[in-house]
Every structure is written in C-alpha cells, then in structure tokens.
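Coordinate analysis (summary)
For reference, the chains in residue letters:
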Amino acid sequence: MADVRGKADGAASSNDALVRRLVSLVVAFSNASTPLSSEDIRSEYYPDVSVDTFQKQFRRDRERLVLCGLTVRETPRGGWAADETSFADRLDLDPTEVAALDITCLQLVEDPSFPYRDDLRLALAKIDSGYEAFPRAAAPQASAQDRNVLALLRAQEARHAVRVTYTDAHGRTSERTLAVWGVFGLRGHTYFVAPELDAERGEPRTWRDDRFGSVRELGGVSYRIPPDFCAEDYRRLPFQIGAAQLYVTFRVPKTATEEARSAMAANGEVEENPQTGREYWTVEASDLNAAARWAVANGLVPTSPVALAEVWRDLLKEATHAC
C-alpha cells in the first residue's frame, strides 16, 4: 500500500508541475510583445533539465498548448511567439468541461506561491463570463502586494530594472535598484531572484513578495540574464524542507565554507556589524536540528534562537567526545 501511495503522490506532483508550467507558458506567450528565445524559455520554465530534455518537453508542451487554443511557432528571426490565429476561433465547452477547467486551475489561483495567479484569475473569469457560468475565479480588487508582484513580473519580461522600497527581516526599510532574473514560489510566497544594481557586489539574492513597499519600473535601464542562471538553485536549503517555522541567525566566520557563502548569496539576508565587522546571516528554517548540523558542517555559528545555539553546542560536544 505504501508503494502504491508513493506512486500516486508522485503522479499528482508531476501533474501539478505540468499544469503550472502550461499555465505559465500561456501567460508568458499571451503577454509577450516580442518573441521569447529558447534560452529564456528553458531558464524560466524548464530550469532543471538538460538542453535535449528541454527540447523534447517543450515540443510536447506546444502540442498540449494547441489543444488549449494557443499555437506557438518559431519565428523567422529566431525565438518563439504565439501564432496570430491563437484563440481566434470560439472553442465550445459544455458546462461540465467549464467546471472541470475551473476546478483544475482554481488551486493555482488561490496559491500565493504561484506568481501568475492574477493573470490566471482574469483568464478564468473571462471564460466563466463567456459561458454564463458562475464566476468562480472572481476576486476583489488586487492588493498592493499583488500589484507589486505583477509589476515585478512585467519588468522581468521586459528586462527592465526596478526601483523598489523593501523592508528586511528586521523591519528596516530602504530603497534598492533590482534586476529580476527569476521567480519561484515557496511556502505561500512568491520569491524573486535579483541582484542589486547599485550594490558594490551584485550577487543575486532572494526577495519576498510581501516585503516590497513600492515597485517602479525603470524603462531606460535594461539588463541580460546569464545563460547559466537557474532560479531553482535558490529555492531552499536542507534545513528548509517542510513548513517554515522561524528565522535563524548565524555568525559567519572567515573560515565558513564555499557552500555556506553560496547559500548566503542566494537566501536570506546578510548584514555586517559596523562595530565588530562581523557578518551575520538571517534565513528561514523549518528544522532546528538540520540547521544546527548544517552549521557545524559549514563552519557557521548560530546566534539565535537560543534553542538552535544549544542544539549546535550539543552536536559539538558529541563530536568532541567521539574523538
């Protein structure tokens, strides 16, 4: 029974990923004003696969999109775009099919970690209205957080930098200029991966949707996304598997491993104490034991919460006794 359940869970997870990808592709091609390059499509929607696998999956997905009324073709000058005939003809659905479409997609509409939820909500509302169905996807006016997410996504599509106000984990608000490279959802939030253009070191970091106060697109400031960039690399750490429970803070000695440095650049927030010159890293965690073990392995010193520091000390004592 356990094996059968495992297979069922895997199939559900695979189907969910497919639905998310197809919906994201529909939104992307529907909103794109210029052709999308294969490189951009692969890095954004197929980040975990090889070039050969991407080509095969994208071909199958284009066939699936045709059934949804969207025809994607390669343009003469390179890149991919929606065919002008897409959605031109009415697609007749019976009430059962309309309801099935709503039920399938509404879970994404209500999922705060799905970046394109507002675009999907609008599309479903139009379909419901066209078939005189109850507008299941109707929603109140978008919140400031939703408008910021939409503005960041639009800026990313245009490859335009944004000027934002952002409040960090300690409640400090500042202005920053970001170049959004990628986006992913995690634990009910949309995260944007972006370097600061006005920072001395422009390593990409993650920025959480609900901490943006304002977003202003800078149409005159463009950027390119590195071809080897993958947003999924920034999604989570070993001690972040599971429901988020708290924030943890580590002191970062100069002897910290490269793995720790890479994780710091991709997750959480790093600050330097102006008096001591020491670096401190604050990041979300789900498992204190896993966080303590990861800190030991990578040369970090937990400072808060107290429970994390205690677990870390106990691990060091055990290691000392074992020697």
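I will try to describe carefully the structure that is included in this document.

The rules behind the values
Residues numbered from 1 in each chain as written. Predicted model: local features only at pLDDT ≥ 70, side-chain atom pairs only at ≥ 80, totals over all residues. Heavy atoms only, no water. Salt bridge = Lys/Arg side-chain N within 4 Å of Asp/Glu carboxyl O. Helix = DSSP H or I, 4+ residues; strand = E, 2+ residues; numbered from the N terminus. Buried < 20%, exposed > 50% of the residue type's maximum accessible area, 1.4 Å probe, protein only. Pairing = 2+ DSSP bridges. Contact = heavy atoms within 4.5 Å. Expected span 1.5 Å × (residues − 1). Axes fitted to C-alpha atoms, helices over the stretch in contact; angles between N-to-C directions. Arc of directions from axis to C-beta. Polar contact = N/O pair within 3.5 Å; in protein donor to acceptor, adjacent residues only side chain to side chain. Parallel < 35°, antiparallel > 145°, perpendicular 65-115°, else oblique. Nonpolar A, V, L, I, M, F, W, Y, C, P; charged D, E, K, R; others polar.

1. Structural notes on the pattern of salt bridges
When the charged atoms of two side chains lie near each other, side chains of opposite charge can form a pair. Applying the stated criterion to the full structure yields 13 salt bridges. A salt bridge links aspartate 61 to arginine 21; its shortest N-O distance comes to 2.7 Å. Note that aspartate 61 is positioned in helix 3 (residues 51-67) and arginine 21 in helix 1 (residues 2-31), a separation of 40 residues in sequence. By the burial criterion, aspartate 61 is buried, and arginine 21 matches it. Here arginine 154 ties to glutamate 157 by a salt bridge, and the two come within 3.7 Å at their closest N and O atoms. Pair noted here: arginine 154 and glutamate 157 are both in helix 6 (residues 144-158), with a separation of three residues, about one helical turn. Assessed through its relative accessible area of 25%, arginine 154 is described here as partly exposed. Among the residues examined, glutamate 157 registers a relative accessible area of 32% and is labelled partly exposed. Shared partners join several salt bridges into a network, and the residues in it are Arg21, Asp61 and Arg64.

2. A look at the environment of leucine 65
On the secondary structure map, leucine 65 appears in helix 3. Between the C-alpha atoms of leucine 65 and valine 23, which are 42 residues apart in sequence, the distance is 9.2 Å.

3. Things to note about the pairing of strand 6 (residues 189-194)
For strand 6, the tally of buried residues reaches six of six residues, placing the bulk of the element in the interior. The two faces of strand 6 match: His189, Tyr191 and Val193 on one face and Thr190, Phe192 and Ala194 on the other face are all buried. Of the strand pairs in this sheet, strand 6 and strand 7 (residues 205-208) are connected by four bridges, and their pairing is antiparallel. Each residue of the ladder has a partner; that of alanine 194, found in strand 7, is arginine 205.

4. Describing the environment of alanine 155
By the element assignment, alanine 155 lies in helix 6. Of the residues examined, alanine 155 reaches a relative accessible area of 0% and is grouped as buried. Considering only alpha carbons, one finds alanine 155 and serine 222, 67 residues apart in sequence, at a separation of 9.6 Å. Filtering out sequence-adjacent residues up to four positions away, alanine 155 remains in contact with His160, Val162, Glu217 and Tyr223.

5. Examining helix 6
The end-to-end C-alpha separation of helix 6 is 21 Å, in line with the 21 Å expected for 15 residues at 1.5 Å each. Among the residues of helix 6, those classed as buried are Asp146, Asn148, Val149, Leu152, Leu153, Ala155 and Gln156. Once helix 6 ends, the next one or two residues include arginine 159, with phi positive near 60°.

6. Structural notes on the sheet that holds strand 8 (residues 212-222)
Hydrogen bonds between backbone groups are what pair the strands of a sheet, and the pairing can be parallel or antiparallel. Spatial strand order, 4-3-8: three strands in an open sheet with antiparallel pairing. Of all the strands in the sheet, the pair left with one neighbour each is strand 4 (173-178) and strand 8. Averaged over neighbouring strand pairs, the angle between their axes works out to 20° when direction is ignored. By the bridge criterion, seven bridges tie strand 3 (residues 160-167) to strand 8 in an arrangement that is antiparallel. Each bridged residue has a counterpart across the sheet, and for tyrosine 166 the counterpart in strand 8 is phenylalanine 212.

7. Re helix 8 (residues 288-298)
Taken together, the buried positions of helix 8 are occupied by Ala291, Ala292, Trp294, Ala295 and Asn298. With its buried residues spanning 165° around the axis, helix 8 presents them on a single face. Along helix 8, exposed side chains directed more than 90 degrees from the buried face belong to Arg293 and Ala297. Structurally, the start of helix 8 carries an N-cap: the backbone nitrogen of asparagine 289 is 2.9 Å from a side-chain oxygen of aspartate 287. Looking at the residues trailing helix 8, positive phi occurs at glycine 299, about 75°.

8. Let's talk about the packing of helix 2 (residues 38-45) against helix 3
Relative to each other, helix 2 and helix 3 sit at 90°, their axes nearing to 11 Å. When the interaxial angle is binned, helix 2 and helix 3 end up roughly perpendicular. For the pair helix 2 and helix 3, contact is made by Ser38, Ile41 and Arg42 and by Val51, Phe54 and Phe58, respectively. Grouping the constituent residues of the contact of helix 2 with helix 3 by class yields four nonpolar, one polar and one charged.

9. Remarks on the sheet that holds strand 10 (residues 269-272)
If you walk across this open sheet you meet the four strands as 10-11-9-12, and the pairing is antiparallel. A strand with exactly one partner marks an edge of an open sheet, and here the two such strands are strand 10 and strand 12 (301-304). Here the average twist between neighbouring strands, direction ignored, is 30°. With four bridges connecting them, strand 10 and strand 11 (residues 279-285) associate as antiparallel partners. Among the inter-strand pairings, glutamate 272 is bridged to a residue of strand 11, identified as glutamate 279. Across the sheet, helix 7 (residues 258-266) is in contact with strand 9 (246-252), strand 10 and strand 11; its angle to strand 11 comes to roughly 70°.

Function cannot be inferred from these measures alone, as they are strictly geometric.
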